[in-house]
Amino acid sequence: MRKALLIVSSLLFLDTIVQLYLAGFGTFGGKLLGDASFDPHTINGQIVMRSLALLAILFAALAKSGKSTIWLTVGIFLLTYVQLAVFIVGGILTGGSRENPNLPGAWAVSVHAVSGLLIIFSTYWLFLRARRLDRTGSAVMAKTQESLPASS
């Protein structure tokens with residue numbers, strides 16, 4: 001199960017980079033494709049990334065990776081829903097939408113980019129933990145108590 005967690009966490013981290021690329025495509029391809037330019041970003045985030053995050057929870061638990069690693073995977077999974085909630089709550093609070101954009105709405109939904117960065121960093125952290133678990137049998141670094149030489 002440790003190898004499975006390592007593979008899934010690697011795929012999940014790589015998928016966050018793909019997701020960032022797809023966001024750029026949606027932004028810069030908008031004049032060519034209109035609203036459909038964000039479809040790959042939406043599908044990847046809501047189906048592929050969320051499925052990989054769910055698998056990460058499963059494999060982290062089966063690999064006995066420790067509470068903190070399991071909670072990290074749960075947090076990543078929940079953040080995929082936060083990404084969606086940002087648009088829903090932002091639209092409700094500001095009255096803004098894709099069809100009726102406004103400045104407060106733009107400020108509110110820009111949180112989507114920041115929480116996306118949080119997902120990228122979290123998946124990288126998960127990858128590092130999974131790699132450490134695969135190599136050493138523990139997902140967290142050992143806390144060593146090194147004695148410092150006495151100064152004279």
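For the structure itself, look to the data block above.
Quick caveat, the model's predicted, so the values are computed rather than measured.

Quick notes on helix α4 (residues 67-94)
Okay, so step 1: End to end, α4 covers 38 Å across 28 residues, agreeing with the expected 40 Å (1.5 Å per residue, within 8%).
Okay, so step 2: Those residues of α4 that are buried are in contact with α1 (2-28), α3 (39-62), α5 (103-109) and α6 (111-136).
Okay, so step 3: Count one or two residues on from α4 and you reach Gly95, which has phi positive near 75°.

Some points on the nonpolar core
Okay, so step 1: Among the nonpolar cores identified, the biggest contains 22 residues, and Leu5, Leu12, Ala53, Ala56, Ile76, Leu126 and Leu133 are the most heavily contacted of them.
Okay, so step 2: Mapped onto this core, the elements with two or more residues apiece are α1, α3, α4 and α6.
Okay, so step 3: Setting aside chain neighbours within four positions, we find Leu5 in contact with Ala56, Phe59, Ala60, Ser65, Ala130 and Leu133.

Here's the deal with the packing of α4 against α6
When two helices pack together, you describe them by how their axes are tilted relative to each other and by the distance separating the axes.
Okay, so step 1: Between α4 and α6, the least distance of the axes is 10 Å, while the angle of their chain directions is 160°. Between α4 and α6, the angle falls in the class roughly antiparallel. Once α4 is placed against α6, the crossing between them reads as left-handed. Residues Ser68, Thr69, Leu72, Thr73, Ile76, Leu79, Thr80, Gln83, Val86 and Phe87 of α4 form the contact with α6, whose own contacting residues are Val111, His112, Ser115, Gly116, Leu118, Ile119, Ser122, Thr123, Trp125, Leu126 and Arg129.

What to know about the pattern of salt bridges
Okay, so step 1: Per the stated rule, a full pass over the model turns up 1 salt bridge.
Okay, so step 2: Asp134 serves as the salt-bridge partner of Lys3, at 3.0 Å between the closest nitrogen and oxygen. Taken together, the residues Lys3 in helix α1 and Asp134 in helix α6 connect sequence positions 131 residues apart.
Okay, so step 3: Relative accessible area serves as the criterion here: at 23%, Asp134 is assigned to the partly exposed category.

Thoughts on the side chain of Thr69
Okay, so step 1: Tracing the backbone shows Thr69 in helix α4.
Okay, so step 2: Accessibility expressed as a relative area gives 0% for Thr69, which makes it buried.

Each value, and the rule that gives it
Residues numbered from 1 in each chain as written. Predicted model: local features only at pLDDT ≥ 70, side-chain atom pairs only at ≥ 80, totals over all residues. Heavy atoms only, no water. Helix = DSSP H or I, 4+ residues; strand = E, 2+ residues; numbered from the N terminus. Expected span 1.5 Å × (residues − 1). Contact = heavy atoms within 4.5 Å. Core = buried A, V, L, I, M, F, W, Y, C linked by side-chain atoms within 4.5 Å. Buried < 20%, exposed > 50% of the residue type's maximum accessible area, 1.4 Å probe, protein only. Axes fitted to C-alpha atoms, helices over the stretch in contact; angles between N-to-C directions. Parallel < 35°, antiparallel > 145°, perpendicular 65-115°, else oblique. Left-handed = near helix turned anticlockwise from the far one by under 90°. Salt bridge = Lys/Arg side-chain N within 4 Å of Asp/Glu carboxyl O.

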